[in-house]
Amino acid sequence: MAYYETTRVAGRHFLQIPGPTNVPDRVLRAMDNPTMDHRGPDFGKLGAQILGNLRQVFQTAGPVVIYPASGTGAWEAALANTHSPGDVVLMCRTGWFASLWKEMAERLSLVPEFIETDWRRGADVEAIAAVLAKDTAYRIRSVCVVHNETSTGCTSRVDEVRAAMDAAGHPALLLVDTISSLASIDYKHDAWGVDVTVAGSQKGLMLPPGLSFNAISAKALAAAETAKLPRSYWDWRPMLAANATGYFPYTPGTNLLYGLDAAITMLLEEGLANVFARHDRHAEATRRAVRTWGLEIQCADPRHYSSALTAVRVPEGHSADGLRATILAKYNMSLGNGLGPLKDRVFRIGHLGDFGDLQLVGTLGGIEMGLRSAGVPHGTGGVQAAIDYLSGNA
Ligand SMILES: *Cc1c(COP(=O)(O)O)cnc(C)c1O
């Protein structure tokens, strides 16, 4: 029995929220080592190794900085290092997380211009292009996009956003939140011309919460020299200066870094292309199960389907939270809740991180049994549809 459980349910807990995700034993064992002197000679070697290998995960040749913070901290770092008070930021309300980022921008005295969506698709590239085309005075300092909107299970086409910015010839910076997509869904910081990539440890990177990241382009580094927002803890400059020799300007999350080193090794051993294909496959199997149940997928545009999670709508008159509570009590599995306007309307199946075929079949099995227990009308055979697909029988 885990120390936080109040009622014992036998068997392993299924943590199928879209982050934090299941932490592999290899990562847990790596963190279970004595904390070392973060100014000592060994630490610099570890730091240099991590900072070097991490670039491959972001698909960048440039620097990636690591904060001992949740993803929200890396959001703030991205904005604070590149903006001045009153700067206009173009954002797209793809869902709950995009809304939170916008609120943060306002608190930092930035001026968001917000493109609305129906929370059922990714960022509206045509609307972004139209706003940029009108901005001939270049008032817009940055375009901020959430790559994978974790509240809806919709993935934005960052490559298309970049192409729209290029077509408009607009000099804005491109900032992208990959907190729930990095190391799950293909993402190319350099090739897509992203200026700041924001990421977190507890989703595709298979670590506990507590680390977050900024990958930084040369253009963003130059912007940091003239940006006027106050920043201290988040300032890239002392961080990059210390990182040059593998160290940090303040105490890093030493044991989380042991875990990060192991997690990066595991990702590179599997091969990033294989990691992405595994997530794509699990997402497709999940959608086949959902359709067989006769339930609706929150993402309405197949081009924006997320490979990291699937948000599922419950029929009118039924409670997604009631269903989740039943599944937790009877089958010891946590699913993600609906956020904001989607509260009680959707449940979210996380299929990202350290996750295999049998875990997916177990996850879908728990949902199918839970739908029956909770009295949510559904067709049977969803798990079978997933098995058929996973075993090449579809
Ligand atoms: C989880 C998440 C966040 C928030 O990250 P924290 O680590 O909770 O601060 C932000 N954006 C997206 C897309 C997320 O999935």
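The model shown is predicted, which means the values in this text are computed figures rather than measured ones.

J.: Report on the nonpolar core, specifying residues and quantitative values.
T.: If you look at the biggest cluster of nonpolar residues, it comprises 90 residues, and the most contacted ones within it are Ile66, Trp101, Val143, Phe213 and Leu260. If one sorts the elements of this core by residue count, helix H9 (residues 254-270) sits on top with nine residues. If you count residues domain by domain, this core takes at least three from each of domain 1 (14-23 + 272-392) and domain 2 (25-268). Aside from chain neighbours lying at most four places away, what touches Ile66 is Ile50, Leu51, Leu54, Leu211, Ser212, Phe213, Met239, Phe248, Leu257 and Leu260. Counting 26 residues, the second largest nonpolar core, distinct from the first, contains Ala289, Val312, Leu323 and Val376.

J.: Kindly report on the site of the ligand, identifying the contributing residues and their values.
T.: Around the ligand there are 13 residues in total, and Ser70, Thr72, Thr150, Asp177 and Lys203 lie nearest to it. Residue Thr72 places a side-chain N or O atom 2.5 Å away from an oxygen atom belonging to the ligand. Here the ligand, which alone exposes 380 Å², has 88% of that area covered by the protein. Element by element, the count of residues in the shell around the ligand is highest for helix H3 (residues 71-82), at three residues. Class assignment for the residues of the shell around the ligand results in four nonpolar, seven polar and two charged.

J.: Summarise the pattern of salt bridges; cite the residues concerned and give the values.
T.: Counted under the stated rule, the structure contains 22 salt bridges. Between Glu269 and Arg26 there is a salt bridge, with the nearest N and O atoms lying 3.0 Å from each other. Highlighted residues: Glu269 in helix H9 and Arg26 in helix H1 (residues 25-31), separated in sequence by 243 residues. Looking at Glu269, the relative accessible area reads 53%, which means it is exposed. A relative accessible area of 40% places Arg26 in the partly exposed class. Measuring nitrogen to oxygen at the nearest pair gives 2.9 Å for the salt bridge that ties Arg281 to Asp357. Here the residue Arg281 occupies a position in helix H10 (residues 272-293), and Asp357 occupies one in helix H12 (residues 357-373), the gap between them amounting to 76 residues. For Arg281, a relative accessible area of 28% translates into the label partly exposed. The network of salt bridges with shared partners includes Arg157, Asp159, Glu160 and Arg303.

Rules of the game
- Residues numbered from 1 in each chain as written.
- Predicted model: local features only at pLDDT ≥ 70, side-chain atom pairs only at ≥ 80, totals over all residues.
- Heavy atoms only, no water.
- Core = buried A, V, L, I, M, F, W, Y, C linked by side-chain atoms within 4.5 Å.
- Buried < 20%, exposed > 50% of the residue type's maximum accessible area, 1.4 Å probe, protein only.
- Helix = DSSP H or I, 4+ residues; strand = E, 2+ residues; numbered from the N terminus.
- Domains from an automatic or database assignment.
- Contact = heavy atoms within 4.5 Å.
- Near = heavy atom within 4 Å.
- Polar contact = N/O pair within 3.5 Å; in protein donor to acceptor, adjacent residues only side chain to side chain.
- Areas by Shrake-Rupley, 256 points an atom, 1.4 Å probe, with all protein chains shown as cover.
- Nonpolar A, V, L, I, M, F, W, Y, C, P; charged D, E, K, R; others polar.
- Salt bridge = Lys/Arg side-chain N within 4 Å of Asp/Glu carboxyl O.

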